[in-house]
Each structure stands twice: as C-alpha cells, then as structure tokens.
Amino acid sequence: MFSNIRRHITVGVIQDSWKLGLLGLIALPVLWSLLYSLAFSLGLTGRLAKGWTTEHWQRALMDGFLARTILHSVYVAFAVTCVVAGISLSIAAFGAELRRSRLLLIMLLVQSGTPAVVVASQTMNWFASGGMLSRIAFQCGLVQSPNEFPAIVNDTWSLGTILGISVTLLPLATLYFMNLWEAIGFERYCRLAKQLGCSSYQATLKVVIPMMIQRGSSMLVLIFLLALGSYEIPLLLGRQSPQMFSVALQQRTGQFNLLNRPQAFALATIYFIACSGLLLLYLRQRRRVNER
Amino acid sequence: MMRNLLKLLLCAALVSLGFSCKRPEPALELNLDSADWDQISTAARGRTVRMMMWDGDPLINAYMRDYVASQVKEQFDLQLEIIGGQGNVLVNKFMLELDAGRKVGDIDLVWINGETFYQLRQLKALYGPFTDKLPNNRYIDWKNPFIHTDFQQPVDGYECPWGNVQMAMIYDSSRVTTPPKNKEELLEWVKQNPGRFTFDNGFTGMTFLKSLLYEFAGGRDSLNGPFDEAKYQAASEKLWAYIQQLKPYLWKKGETFPEGVAQLHQLLMNGEVDFSMSNNDGEVDNKAKQGVLPETARAYVLESGTIRNSHYVGIPINAPNKEAALVLANFLISPEAQFKKATPEVWGDGTVLALDKLEPEWKSKFESVPGRERVAPRPELELKALLEPAPEIMIRLHEDFRKRIIESK
Amino acid sequence: MNASTSQGSPESWQPYSWSMRIVKLGLFLVFAIFLLNIGTLVLLSLGSGWSYPRLLPDQVDGVPWMNLFQSRSGILRSSLVSLGISSIVASVSTILGLWTGVGLRRARSKVWLYIAYLPFVLSPVTVGLCLLDMSIRLGLASTYSGVIWAQSIFAYGFVTIFFCETWDVQIDKRVHLVRGLGGNSIDVWRHAILPRAWPLIVVAWTQAALFSWLDYGLVSVIGGGVIPSLTLSMFAYLREASVNQAAQSAMILFLPSLISFVIASFLLRSKWGKEV
C-alpha cells in the first residue's frame, strides 16, 4: 500500500513538475521585478532613497505626458496588430500553395531573424526623406529635393513605426497561423460550409477567418503586447512627441537627474499592472467563450 | 532521428547547468594609498583591465583596440578589454551594483565626463583621488579651467583628463557660402531657408542650447559658478522664446528632432539639411574621410562662443583591478598616446597636456598636427570657448526642452 | 488518418482562382522587394558614403569590410559566443517549454497560462534594471549563466505559450491510443508526442534561438558588457556610425540566420508538403 502511495505521489510530482518551471523561472523573477520596481518608486530602496514617499508617484501621474503616451502606444500597437493579423490570416487562409511555398518560408524565417534595430535602419534607408524611394523618385523627376518626399518616418501618424514593427512581428504571426491551419485542419470546415451552400468567399471570410481569429487570439494578444513594448523601432522612426510608452520610460531612466529615476519605476509599475490586468481580463473572457 | 535530437537537446541543457561563471577575480590587496608607482605597475603586470567606453565611432574603437591595446600589452603586459557603455547605462549599472552590495565589480576604467561624473559622485561610485599617483600627471595642463573643472565641479583627482574638444557647427560649403555667425544671423538664415536647419535631441543638441543660453544670460562667464535658479529662469525664458521663433522654420517644422548627432550627420549627407554639429571640433575631418559627412563639409564656431569641455577616465569604487586601471590611465595621458589620437585620421581629439611642460620634440609635434583641413586651428577656436555650466543646467534644459518645445503646440 | 485527407487532398481546396493569382503575384512582388532589400544592404556595406540622390554608395571600395578584418574586432569570437548562448537558451527553453506546454493543456486552472504571459508585460526598463538587481544578488551578473538565465525567462515563456496554443489535436488522439495500448509516459512521449510534434519543436527552437541571438538589452545589462555577444559588437554601429557600417553590421547579424533558416525551411517544408 505504501509503495502504491509513494508511486502515486512520485507520478503526481513528475506530472506537475512543469508548474515548478513556471514558478521558478517566470513567476519568481517577475514578482521580484515588480516588488523592486515598487520599492524603488516608493523610496524604499536605491542609493539615493530617502525613505517612504509617494512624491514620485504623484509626479509621475500628474505629468501630462502619461495620457498622451499611453493613447499613442495603444494606437500604434492596435494598428500593428490589425496589419499583422490581416496579412498573416490572408496568407494562411487564402494561400494553399503559399503554405507549401519554400520561398515564403525562407523569407519569413529570414525576416524573423532580423533584429528590430536592423529593421528600423532599413526602414530609414528606404522610406526616409533621403532614403532609397526618395532617390528613385528624384531620378524619375517626381521630387526635386528630399524635403518634397512625403513623410513616412518621423511623421505625425507614426506610419514608419507601424510599418517597422509590423515587419518585425509578421513572420511570427504568419508562421503561427500557417501552423494552426495545418494543426486544426480548417479545410474540412471550408468544404462543410460549401456543402451547406456557402460560396468560397463566404466560407473563407465568415467561417474560417473568425475561427482562426478565435483560436489564434492568444497570438494576437502576444503581438499586441510585443508591439506595445517595442523600443528600438519607435525610437528611430517615431517622434519625440507623442512617444511610445517604452521609449518615454527608457528615456526617463536615462535622464541626467538621478532623482527622477523613481518616477520611471513608478511608470514601469503602472505599465505592468495595466498590461497584466488587461491580459487577465482577456484570458477570463476567452475561457468564458470556450466554455460556451 | 528524433531520439538523437532529443539526446542533443538534453546534452545542451546539461551543459548549460555546468557552465562556469565568468567573473573577474579580485586583485591582490595592495594598499594603493601608500604604494609607489613601481609597486603599482608591478602588481598590474599580467592583469586584464576592462574599460567601459562609448563604442559608436569605429575610429576611436580602432585607436583603442589596435594602438592602445597593443602598446599596453607590449609595455606593461596588460590585456585590455573594451566594453561598450556610456552615460546612463554606466550610471544605472553602478547604481544597482552598489545598492545590491556588489563589492567587486567587473569594470576597471570608465570613460566619463560632465553629468555622468556628477551622477557617479552623487552615488559615491568613484575611486579617488588618484590622479596624483600617475607619473604622467605632471604633463597635464591643470591650470586650464576647461580641464581642472568638469561642468563647474572641481575634478579633485576623481577623474583623469583624457581629451579636450569644442562644440562646432558643421555645414556643407557647396550649399552654404556664408554661414551665420551669431544667433541673430542664424534666425535670419533659418527663416530664409525653411526646413534646412535642425539640432538633435541628445547631448550635442543640448550643448548647442547651452551655448545659446550663455548669450541670453549675459555672455561669456555669465553662467559660471554653482547653479542659480533665478539666473537660469531668466535666461531660459529668452532661450525658449528664441527657439519658438525658429521652430516653424526648422526641419519637419520643428515637430520632431533627430534623436542623436549620427542621425543629424545623415540628414546633412542626404542633403535634407545644410547644417550639422558636433561636440568635437576635429570630427569634421575624420567623418568626411569616412564618408559620413560630405567632402565639402566645413566646421566653425559661433562668434558668441561654443562650449568647450574635456572628457575623462574614472575608476569605479568596486573596480577589481585598480592597479591595472591606474597603469592604463597613465598610458592614456602619455605624450605618445595623446599625440596619436590628436591626428584627424586617427581621432582628432585635443590634448589635455600642457605643451610647455613637454619635451621640445613632443611640443613641436603637437604644434604641427597634420590633417586638420576643414576647421580653423584649435588656438583660434579656443578664443571663443565657453565653460560647461553647472550640471543642473543640462538637467533642466533637457526637461524644459521637452515641455516647452517638443510638447508645445 | 489526417483530418484534411478525409475530405480529399489539401491541394483540392482552393478558395477561388483569382485569389491565387493575386496571392502569387503578391508573393513574387514581396520576394523582389526582399531581394532588393538585401541587395541594398550588400551594396551599402561595400562602400563609403551615400550622398543624395545617388542610388549607389559614393565609392564602392569594400572599405568597411577591410576595416573590419583589419581591426581584429573579435567578430568571430562574438559570433561563436552568441551561437553557443542561443543554442543553450533554445534547447533549455524548448525542452522546458514543451514539458510545460503539454502540462498546461491538462491544467484546469488557467492561472498557469497567465504566468507564462507575464514576461511580456514587463517594460524594458523593468526587465533591464530589476532583473539586474536580482542577478547581482544571485551572483549571476556578468556571467554566461546569468545571460542564459535572463534570456531563458522570455524564451521559455514564449515556447510554453506556443506549444500550449498550437497543439495538434491529432497528438492527443495518439496519446489516448498509446495509453489505451498499455504505453507508459515514456512511450507516450516517444511514440505519440515527439514524432508528430517535431515540426513544432523545430519552429519553437528556432524562434527561441533567434530571440537569444538577436537580444541586446539582456546581454548588455545582465552580461554587464562583459559577455562578448555579437549584438554588443554590432549594435553601436547600427545606431551611431555611418550608413555603410550600419549595413555591414546588419549583414553580420542576420547572415548566419539566413543560412540556418534555409536549412530549417527544408525541414518544415517536408512536414507541410506531405501527409504524416
């Protein structure tokens, strides 16, 4: 009897050992980071800390830039998610031959192996006022000087930033949705829909794509989070105002005034709480939908 | 095949667990306060010295990796390792290390100046005073106010001067025949040539603003001494009013600024603007040779003056090899190392040595440094040199520039 | 039997012919832009200067590459260090992530999935500074182990989510079959999970390796600049140096990826091109 109990316990420990991984390798460092960030912002730690104070939080929250920066970051992240979702879903759903194309696979894999800062510099090389497109336009007589070329980078609508981040994240989403198509076997749903009287257009757009979005929503959430936290691309291709949150935050930790560092940690803590709260809401909502 | 793949993955995982930590060993304890130079240089022999410095310029990197590294190896049996890092990266690193109680760090020497020095002193993160221990200290021009004072703070031996530069305006002489010499002419020129001028949002741009701030504060020496809030407020109000006048005529209508001077150089090279700037008056020559700036680029300073400052090397309080750091610092201020970097094709950095303290042979070498073609000789520029004001001014300028110019509609 | 073959071969499903033509045309256009992009990088890296409105560098003389080889900047060493670290990070996180992803699918409570997402809601400053503090206290700062540990946090989280969300339901059926035939846990992994999941493993390993290979923030902060990764050598040029040196750095950073991905694409193509 005892050996059976021991065997059950051992099997149980082995089967649940993955939880140790999540706790030890993720939860613990994240919790540490959050607590350190909180302690620093409240003046409880740090070389120049003077003890408990909420002054840094007050200054961080009352600084007018916070609302603008958050709105701008959400706008860019949302735009990137829409662009990436649109293209990757189209490739996965419309391209039976594309899914088997080695050419596409190589391009996706190579692009996914390109660092964000390289994408940023390449975007500058192509789309900046003095970039390749502008030079081609000049040679064709369409513009007379680089200043006449339309602003695509460092522009009001952050088009360059959205383009750069989308290019960086597109391979990840496309590979994911291509794999999802194969794993779920969406063709049978398309054929079923056609057998029930749908046209090919309806089958793809009204049956397959919504199913893929639902099944792939976690990847879209990840894309949104990765876009939100993007740093190098908005730093080089965006404007100083409005800035994306990660750029603004990073610059505040690099400011000359050491006494402003706690404000940056306060903002970092707000960022973490807001994003993790949104994530929690999303996962709960998804579970409710799945249970229905 | 899957079995082999799994075995491979498992092996890799095990290897990672057995990976040994790579940490610099703490040096043998030599009492640096009482040791003489022979003892210090003997203790340093055979050591590896790590220097953290800005590594964004390939010429400076080549000077350090090829010339300095080989010379210190040959002369002192020191192995030099260069680590990239500067400014806030450096400050954050030491801030956290000291807060976490890390008594033995991994960096022996750091390239610093100005606000970085100010912040590291605040954190008590620097070892010193140490410059008196260096034999080549006797050649340093300590009477020069641009050397013995760093952003209005006495150096006090906590950092050793390494080079000396002056902020210069750079323009393309093929497009600009008469560059503006003062702020009034600059405003006039910018209005007549909209979209052809800007400055960066980084260190160089702020140095440009500091130079203008002196004008609004009352001229040369007006901002010397400790930070004065009332004086700053009065001068900065005029500065922001001036910049607001410039703003609609700046590149991209002043709605965005290049993030750093490298981007600004690229705009000049592309012909999007006609001006760039640099903290190093000698940079125009070596950047034109590298193809970063056009061949027709020229540099000058405003009649009202531009900021001149020195850059330094410091030793972190938790440096593991302080003896090796001292030996390296001493070599960096030797006449041969200073002369080597003075030539534009190597770096074009000004020397911190007093020429009248050098041997006649070295004195004449420094007086006839070849290759400076696109900018006036240094003694001419020094007549219009302004001291770096207190570091609080840099801090305030950065914050106020964001609030008053970037975020204003 | 694979679900997609129960209704006929995958090739028989085509939404409509005009979409295929548009998609093919789009693919070739994208490929042309892709090649142009690489071509521009190669050309810029071979020259000095790029004044407006020239399409080619001012002088195509190979100077950046000559300078690189002459300067003994340790590119080879940095590449090997980066390769070693990324291989280890990818291997560790793929093994752990696969194990965790499988476990997560069985778990009732979704709080574990929430934990897997947490690294991606940390802002860069928190990651850099707070993890540095932890690594100093654990004695991992400025060590290879520290860099591997920090990168594995993110790679492991990503791989876990990846396996959990892209799991092939056919694998679950095979697991039931193997268990039904009396197989133990080892048999389940050996005969049901790994044979079917290996393309997912390749993709996950590749993505984790990529993340580590291209990482700059963690290796510079946790590694203290002491760990000589390729990104540390090259990133300063990308932001600060000439457009020619930036192009050279870009090529050095992603050329090895290009080669390894061509190889990986053959592996994946064999999975998606035929039925298993």
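Residues numbered from 1 in each chain as written. Chains lettered and ligands numbered in written order. Predicted model: local features only at pLDDT ≥ 70, side-chain atom pairs only at ≥ 80, totals over all residues.

Peer 1: Would you take a moment to explain the overall build of chain C for this structure?
Peer 2: For chain C, the count of helices and strands is 12 helices and two strands. Helices and strands in chain C line up, N terminus first, as α-α-β-β-α-α-α-α-α-α-α-α-α-α. Every one of the 276 residues in chain C was classed for burial, and the buried ones make up 53%. Contacts in chain C between residues far apart in sequence, at least 24 positions, make up 68% of those at least 6 positions apart. (Helix = DSSP H or I, 4+ residues; strand = E, 2+ residues; numbered from the N terminus. Buried ≥ 20, exposed ≤ 12 C-beta atoms within 10 Å, placed from the backbone. Contact = placed C-beta atoms within 7 Å.)

Peer 1: Help me understand the overall build of chain A in this model?
Peer 2: Secondary structure assignment for chain A yields 15 helices and zero strands. In terms of C-alpha radius of gyration, chain A reaches 24 Å, well past the compact-globule figure of 19 Å for 292 residues. Projected onto its principal axes, the C-alpha positions of chain A cover 90 × 70 × 30 Å. Scored against the burial criterion, the 292 residues of chain A give a buried share of 54%. Sequence-distant contacts in chain A: of pairs separated by 6 or more residues, those separated by 24 or more amount to 68%. (Rg over C-alpha atoms; globule rule 2.2 N^0.38 Å.)

Peer 1: Would you mind going over the interface of chain C and chain A with me for this structure?
Peer 2: Reports of interface size often rely on the accessible area that becomes lost once the parts have come together. At the junction of the two partners, chain C supplies 78 residues and chain A supplies 79 residues. Looking at which element gives the most residues to the side of chain C that touches chain A, the answer is helix 12 (residues 243–273) of chain C, with 15 residues.

Peer 1: Help me understand the sheet that holds strand 9 (residues 297–300) of chain B, please; the structure alone is not making it clear to me.
Peer 2: The pairing of strands in a sheet happens through backbone hydrogen bonds and is either parallel or antiparallel. Residues and elements named next belong to chain B. With antiparallel pairing, three strands are arranged side by side in an open sheet as 8-7-9. Among the strands making up the open sheet, the edge pair consists of strand 8 (275–278) and strand 9. Each neighbouring strand pair of the sheet contributes to a mean axis angle of 30°, computed without reference to strand direction. Where strand 7 (residues 168–172) and strand 8 come together, four bridges link them in antiparallel fashion. Across the sheet, residue Tyr-171 finds its bridge partner in strand 8, namely Phe-275. Strand contacts of helix 10 (residues 261–270): strand 7 and strand 8, with the helix running at about 145° to strand 8, the strand carrying the most contacts. (Pairing = 2+ DSSP bridges. Axes fitted to C-alpha atoms, helices over the stretch in contact; angles between N-to-C directions.)

Peer 1: How should I be thinking about the pairing of strand 2 (residues 79–84) of chain B in this particular structure?
Peer 2: The two faces of the sheet receive side chains in turn, since in a regular strand these alternate between them. Residues and elements named next belong to chain B. Across six bridges, the pairing between strand 1 (residues 48–53) and strand 2 is parallel. Counted as the bridge partner of Thr-48 is Gln-79 from strand 2. Considered for its hand, the β-α-β crossover made up of strand 1, helix 3 (residues 58–76) and strand 2 is right-handed. (Right-handed = clockwise from strand over helix to strand, strands pointing away.)

Peer 1: Explain the environment of A:Phe224 to me, please; I cannot follow it from the model alone.
Peer 2: Residue and element names in this part refer to chain A. As for its position among the elements, Phe-224 is in helix 12 (residues 217–228). Overall, the presence of 24 C-beta atoms within 10 Å leaves Phe-224 in the buried class. For the pair Phe-224 and Leu-25, spaced 199 residues apart in the sequence, the C-alpha separation amounts to 23 Å. Contacts of Phe-224, omitting those with residues within four sequence positions, involve Ala-77 and Thr-81.

Peer 1: Teacher, can you tell me more about helix 8 (residues 203–217) of chain B here?
Peer 2: Because each turn of an α-helix spans 3.6 residues, side chains separated by three or four positions in sequence point in the same direction. In this model helix 8 of chain B runs 21 Å from its N-terminal to its C-terminal C-alpha over 15 residues, within 8% of the 21 Å that 1.5 Å per residue would give. B:Gly218 occupies a position one or two residues after helix 8 of chain B and carries a positive phi of about 125°. (Expected span 1.5 Å × (residues − 1).)

Peer 1: How should the packing of helix 2 (residues 17–41) of chain A against helix 4 (residues 75–106) of chain C be read in this particular structure?
Peer 2: Direction vectors running N to C along helix 2 of chain A and helix 4 of chain C enclose 115°, while the axes themselves pass 9 Å from each other. Crossing geometry of helix 2 of chain A relative to helix 4 of chain C is assigned as left-handed. The segment helix 2 of chain A lies against helix 4 of chain C, with A:Trp18, A:Gly21 and A:Leu22 engaging C:Leu96, C:Trp99, C:Thr100 and C:Gly103. Here the residues of the contact of helix 2 of chain A with helix 4 of chain C are counted per class, giving four nonpolar, three polar and no charged. (Left-handed = near helix turned anticlockwise from the far one by under 90°. Nonpolar A, V, L, I, M, F, W, Y, C, P; charged D, E, K, R; others polar.)

Peer 1: Is there a simple way to explain the environment of C:Glu165 in this structure?
Peer 2: Looking at the element boundaries, C:Glu165 is found in helix 7 (residues 144–165). In this structure, the C-alpha to C-alpha distance between C:Glu165 and C:Arg105, residues 60 residues apart in sequence, is 8.5 Å. Apart from residues lying up to four places away in sequence, C:Glu165 is in contact with A:Ser218 and A:Met219.

Peer 1: Looking at this model, I keep getting lost on helix 8 (residues 132–139) of chain A. Mind explaining?
Peer 2: Residues and elements named next belong to chain A. Buried within helix 8 we find Ser-134, Arg-135 and Phe-138. Projected down its long axis, helix 8 carries its buried residues within an arc of 100°, all on one side. Once helix 8 finishes, Gly-141 follows within two positions and takes phi at roughly 80°, a positive value. (Arc of directions from axis to C-beta.)

Peer 1: Can you walk me through unusual backbone geometry in this structure?
Peer 2: Note on backbone geometry: most residues besides glycine have negative phi, and most peptide bonds are trans. Of note, the amide linkage connecting A:Ser241 to A:Pro242 takes the cis form, showing an omega dihedral of -5°. Mapped onto the elements of the fold, A:Pro242 is located in the loop between helix 13 (232–237) and helix 14 (245–253). Residue C:Tyr52 is joined to C:Pro53 through a cis peptide bond whose omega torsion reads 0°. By secondary structure assignment, the location of C:Pro53 is in the loop between strand 1 (47–48) and strand 2 (59–60).

Peer 1: Even after reading the chapter, I still don't get the nonpolar core, so can you show me in this structure?
Peer 2: Grouped together as the largest cluster of nonpolar side chains are 283 residues, with contacts concentrated most on B:Ile170 and B:Leu328. If you tally residues by element for this core, the top one is helix 9 (residues 159–184) of chain A, at 16 residues. Of the domains in this structure, domain 1 (30–163 + 310–375) and domain 2 (168–308 + 383–406) of chain B are the two that each give at least three residues to this core. Setting aside anything within four residues of it in sequence, one finds B:Ile170 in contact with B:Leu268, B:Phe275, B:Ser276, B:Met277, B:Ser278, B:Val284, B:Leu293, B:Ala297 and B:Ala299. (Core = buried A, V, L, I, M, F, W, Y, C linked by C-beta atoms within 7 Å. Domains from an automatic or database assignment.)

Peer 1: Is there a simple way to explain the confidence of the model for chain C in this structure?
Peer 2: All names here are of chain C. With 84% of its residues at a pLDDT of 70 or more, chain C has an overall mean of 79. Highest mean pLDDT in chain C belongs to helix 7 (91); lowest belongs to helix 1 (residues 3–6) (37). Long-range and interchain partners of residues 1–12, a stretch whose pLDDT sits below 50, account for 17 contacts in this model, where long-range means more than four residues apart. A low-confidence stretch, residues 272–276 (pLDDT under 50), is modelled with seven contacts involving residues beyond four sequence positions or located in other chains. (pLDDT = per-residue confidence, 0-100.)

Peer 1: How should I be thinking about the environment of A:Trp52 in this particular structure?
Peer 2: Residues and elements named next belong to chain A. Locating Trp-52 in the fold gives a position in the loop between helix 2 and helix 3 (55–62). Residues Trp-52 and Ala-27, spaced 25 residues apart in sequence, show a C-alpha to C-alpha distance of 26 Å. The residues contacting Trp-52, other than those within four sequence positions of it, are Leu-42, Gly-43 and Leu-44.

Peer 1: Please clarify how the confidence of the model for chain A should be interpreted in this entry.
Peer 2: One rule of thumb: low pLDDT means the predicted coordinates there are not for detailed reading. Looking at chain A as a whole, the pLDDT averages 84, with 91% of positions reaching at least 70. Taken element by element, the predicted model of chain A shows its lowest mean pLDDT in helix 1 (residues 2–15) of chain A (63) and its highest in helix 8 of chain A (92).

Peer 1: I would appreciate a short explanation of the packing of helix 4 of chain C against helix 7 of chain C in the present structure.
Peer 2: Two measures define how a pair of helices packs: the angle their axes make with one another and the distance between the axes. Residues and elements named next belong to chain C. It is the contact of helix 4 with helix 7, at a shortest axis distance of 7 Å, that shows an interaxial angle of 40°. Considering the relative orientation of helix 4 and helix 7, their crossing is right-handed. Its residues placed into classes, the contact of helix 4 with helix 7 shows 17 nonpolar, eight polar and one charged.

Peer 1: What should I look at first to understand the pairing of strand 7 of chain B in this one?
Peer 2: Residue and element names in this part refer to chain B. Across the five residues that make up strand 7, a large majority, five, are buried. The alternating pattern of strand 7 places Ala-168, Ile-170 and Asp-172 and Met-169 and Tyr-171 on opposite faces, both of which are buried. Summarising the sheet, strand 7 and strand 9 pair through four bridges and their orientation is antiparallel. Bridge assignment links Tyr-171 to a residue of strand 9, and that residue is Arg-298.

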